[in-house]
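Secondary and tertiary structure notes
Given next are the chains, with one letter for each unit.
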2 protein chains.
Amino acid sequence: MTTEKIPYKIYLEEHEMPTHYYNLRADMKKKPAPLLNPGTGQPLTFEEMQPIFCDELIKQELDDETQNVPIPQEIRDFYKMYRPSPLVRAYCLEERLDTPAKIYYKFEGNNTSGSHKLNSAIAQAYYAKQQGLKGITTETGAGQWGTALSMACSYFQLDCKVYMVKVSYEQKPFRREVMRTYGASITPSPSDTTNIGRKILEEFPGTTGSLGCAISEAVEVATTNEGYRYVLGSVLNQVLLHQSIIGLETKTAMDKYGIKPDMIIGSAGGGSNLGGLIAPFMGEKLRGEADYQIIAVEPASCPSFTRGKYVYDFADTGKVCPLAKMYTLGSGYIPAPNHAGGLRYHGMSPILSEIYDQGLMEARAVAQTDVFEAAEEFARVEGILPAPESAHAIKVAIDEAKKCKETGEEKTIVFGLTGTGYFDLVAYQKYNDGVMDDYVPTDEEIAASLATVPQIG
Amino acid sequence: MTTEKIPYKIYLEEHEMPTHYYNLRADMKKKPAPLLNPGTGQPLTFEEMQPIFCDELIKQELDDETQNVPIPQEIRDFYKMYRPSPLVRAYCLEERLDTPAKIYYKFEGNNTSGSHKLNSAIAQAYYAKQQGLKGITTETGAGQWGTALSMACSYFQLDCKVYMVKVSYEQKPFRREVMRTYGASITPSPSDTTNIGRKILEEFPGTTGSLGCAISEAVEVATTNEGYRYVLGSVLNQVLLHQSIIGLETKTAMDKYGIKPDMIIGSAGGGSNLGGLIAPFMGEKLRGEADYQIIAVEPASCPSFTRGKYVYDFADTGKVCPLAKMYTLGSGYIPAPNHAGGLRYHGMSPILSEIYDQGLMEARAVAQTDVFEAAEEFARVEGILPAPESAHAIKVAIDEAKKCKETGEEKTIVFGLTGTGYFDLVAYQKYNDGVMDDYVPTDEEIAASLATVPQIG
């Protein structure tokens, strides 16, 4: 433990970087529910997943027992190019808020994908390469995951086929160009390159696409082309496993300076960033070694935790994927246009859903305009322009720091700053122009969507 | 000196960060030529500059003697938020090139302005605040400088008025929104808010503006509004002084690991990044303590060093600014459309011009398409998507590393990676689509432009 003044940014040395991922499931007494085959209603087996996913990733998906999973050297070498990410002491924000709270954030935006997504993308590309595959397929909406996967595939010289929701493909040409620069092929979805795409185009000629449709196309291409598999950037157990690097680095950095957080805050969409950030802390909590207040923050327009149900549901809108037990708003739920595209998923990671159900974590839903107000306040003192997704955590961190000012408590607050907002300036413009709205679904709308959830489990 | 293996990224500890700027002029036997008053042809005095610039910055501009200038604590605190910037060992690039060369780059893009510009912006904003000013004015073309200054002003709660070349204002709405998010007011230039702007609009109603015109408007607003001054982001001695932080950090990091560079490479537009990067190394060279090969890289479309003349010329197209002795293509030179907007300046920093004239530095001009090819090669192995400006240095670093492969020499190459290309994706798209051109001016065009240079000095 170092006793010097805590620096603005804590960087780990290379030799202090994690050598193993931490598998939170190993410490959970009640495990998250398994994925089910929608045809049989039975847990999916390794063999059933093999045509779709890479072998090693299926093993990780199914492994509820191994606590520490070694990170292969090739992945660790790639991590050294953009990690460790800094744990930042927000001295300037504290001063502006005039709060006794001590605020830290783990900043994952210092890489070209602009977010934490690269942590799992490089692992998934590595395992595909190890298996001798030619390439991988995926879908992308806002484009962060697609960018991360393009970067990872270009590093391992794997082919990368990205199905991008057509409306995003047209409205976010710059995201598309970044992926092309990394050598990926980007197809607007629905497309005439797949059976499902052609069928959808025939039925709905003017459609601008959906994530569900893009998933269906990416899965079809993976399963019908020799040497290809499909990969996914959030929700799955394997993704949370890879993202544990965020929490492990955070904990090592804090331990080094003898800092113990009182509160850990993260934005929650599919749950991969939050699950990664809290993993080692939640592990201590599960083992009874320490206690932390943990808060998931979601948009009020897509409130899976705070207004959803904990049941089996389809993982995708198109209902081609397995069933997952999770907090869900129903796979047909269409959130109001919200600029945090990464948080518009109808469900939530099964691991986090089980944790939340056990009462080990809180959740809060916040309105879009409040989120951008917090984003701007943060940007002006801390310099970094946050992604709208990340700003959900900022909003609650600022709220809590203000409470500390009222009560005089010197709480230590840590939040995850998952990425940068350079590709979200249409949203900032709406906020700057005062024309952003804050639609919140009615109880009737949520009930109607939940009525479509299959009756299983 | 540490003997462990050199890490991928060398970060300095906070206590190792520079406490003083280094003023290269103090070690130059023949000093750079002073700025001249275009009316009198005499060196500009402190008093003549006072209505336009902040007092402390004028002192820095005129000070050829003080070797080490203390960095005020407030500026050092701000630097701690985004500095030290990493000195990266390009292990992956070396492997891909199969070169015995050891390649390092100093990466200045990890802040929201996306470039090194913030280093001087925060210093200039600080001195304006210290002087009790209400605000500052500036012009911006591509927008990096305007963004950096907006961030700096928001931190010190100063008003910031940016005149943005109209065509950029319209074509780069996202840059504009970043500045607005930081609270700056952005006016497309020419505008009806100034006399000079109204005059130009009357004469040329359809004009899309120019940097020269934006400078004129920003200077008019600064000199006609109580409590305002004008600031500039490159070329000036004071800016190179602030940017010396880049070179000082680089040298400290290399010394720590006992690394001695053979070659230092930087992109050159107005010269602030290159001047900052090489400052302490050039100091050693001037004092006879060490020798380094130093290479300035400029676009073939705007070749001030390689095809310009070393004479007194106007610093701006509108001829309202002082005369500077520098390598210039003539203040009326209009470079062919090149996507490295930051390198399209007709002249070059007086300090670097004098250094180059003394034969202490080489210069190379490179074609745009070659630059983007290098940018893409770099991005795919090192992860970072570089700004087109920065990629000029990458191009020459890769060329030199390939030469080392042929000769078997284990040279140590350092280059400046000044920024990221997230706002340059229109350019990457042109490159990806194969429709980028490489216009190089004819000798006749350059001669015609140089004929307009005033006959002074």
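Remember, predicted model here, so these are calculated numbers, not experimental data.

1. Overview of the sheet that holds strand β4 (residues 87–89) of chain B
All names here are of chain B. On the basis of which strands lie adjacent, the open sheet formed by seven strands has the order β1-β4-β5-β15-β10-β11-β14 and mixed pairing. Single-partner strands in this sheet number two, and they are β1 (9–10) and β14 (362–366). Two elements, strand β5 (residues 102–107) and strand β15 (residues 412–417), share six bridges in a ladder whose sense is parallel. In the strand pairing of β15, lysine 102 is matched with threonine 412. Where helix α11 (residues 237–256) meets the sheet, its contacts fall on β1, β4, β5 and β15, and the angle it forms with β5 comes to roughly 140°.

2. Some details on the pattern of salt bridges
Where charged atoms from two side chains of opposite charge approach closely, those side chains can pair. Under the definition given, this model contains 54 salt bridges over all chains. One salt bridge connects A:Asp399 with A:Lys395, and the closest N-O pair in it is separated by 3.0 Å. One end of the pair is A:Asp399 and the other is A:Lys395, both in helix α16 (residues 388–407) and four residues apart, which spans about a single turn. A salt bridge links B:Arg287 to B:Asp27; the nearest nitrogen and oxygen atoms lie 2.8 Å apart. Linking B:Arg287 in the loop between α12 (272–286) and β11 (293–299) with B:Asp27 in the loop between β2 (20–22) and α1 (46–49), this pair joins segments that are 260 residues apart in sequence. With a relative accessible area of 16%, B:Asp27 lands in the buried category.

3. Observations concerning the packing of aromatic side chains
Taken as a whole, this structure holds 41 aromatic pairs over all chains when the rule is applied. With a centroid separation of 6.3 Å and an interplanar angle of 85°, the aromatic rings of A:Phe174 and B:Phe174 are classed as edge-to-face. Taken as a pair, A:Phe174 in helix α8 (residues 173–181) and B:Phe174 in helix α8 (residues 173–181) lie in two separate chains rather than in one. By relative accessible area, which is 22% here, A:Phe174 ends up partly exposed. Put simply, the rings of A:Phe78, A:Tyr79, A:Tyr82, A:Tyr126, A:Tyr127, A:Tyr155 and A:Phe156 touch in pairs and so form one group of aromatic residues. Directly above the ring of B:Tyr169 sits B:Arg176, whose terminal nitrogen or CZ lies 4.6 Å from the centroid.

4. Some thoughts on the interface of chain B and chain A
Across the boundary between the two partners, chain B contributes 45 residues, which contact 45 residues of chain A. Interface area lost by chain B to chain A is led by B:Met81, B:Thr181 and B:Tyr422, which between them contribute 16%. Where chain B touches chain A, the interface holds two salt bridges. We note a salt bridge from A:Arg180 to B:Asp433, for which the minimum N-O separation is 2.9 Å. At the surface where chain B touches chain A, the tally comes to 26 residue pairs in polar contact (both at pLDDT 80 or more).

5. Focus: helix α15 (residues 368–382) of chain B
Residues and elements named next belong to chain B. With 15 residues, α15 should cover 21 Å at 1.5 Å per step; its first-to-last C-alpha distance of 21 Å lies within 8% of that length. Listed as buried for α15 are Gln368, Val371, Phe372, Ala374, Ala375, Glu376, Phe378, Ala379, Val381 and Glu382. One or two steps after α15, the chain reaches glycine 383, where phi turns positive at roughly 85°.

6. Thoughts on the sheet that holds strand β7 (residues 159–165) of chain A
Residue and element names in this part refer to chain A. Strands sit in the order β8-β7-β6-β9 across an open sheet of four strands; the sheet is parallel. In this open sheet, the two strands that pair with only one neighbour each are β8 (185–189) and β9 (228–230). The sheet shows a mean angle of 25° between the axes of neighbouring strands, taken without regard to direction. Note: strand β6 (residues 135–140) against β9, three bridges, orientation parallel. Bridging across to β9, threonine 137 finds its partner in tyrosine 230. Taken strand by strand, helix α6 (residues 144–156) contacts β6 and β7, and its axis lies near 165° from that of β6. Of the strands in this sheet, β6, β7, β8 and β9 are in contact with helix α10 (residues 211–224), which crosses β6 at around 170°.

Cut-offs used in this document
Residues numbered from 1 in each chain as written. Chains lettered and ligands numbered in written order. Predicted model: local features only at pLDDT ≥ 70, side-chain atom pairs only at ≥ 80, totals over all residues. Heavy atoms only, no water. Pairing = 2+ DSSP bridges. Helix = DSSP H or I, 4+ residues; strand = E, 2+ residues; numbered from the N terminus. Contact = heavy atoms within 4.5 Å. Axes fitted to C-alpha atoms, helices over the stretch in contact; angles between N-to-C directions. Salt bridge = Lys/Arg side-chain N within 4 Å of Asp/Glu carboxyl O. Buried < 20%, exposed > 50% of the residue type's maximum accessible area, 1.4 Å probe, protein only. Phe/Tyr/Trp six-rings, centres within 6.5 Å; stacked < 30°, edge-to-face > 60°. Lys NZ or Arg CZ within 6 Å of the ring centre and 35° of its normal. Buried area = accessible area lost by both parts, 1.4 Å probe. Polar contact = N/O pair within 3.5 Å; in protein donor to acceptor, adjacent residues only side chain to side chain. Expected span 1.5 Å × (residues − 1).

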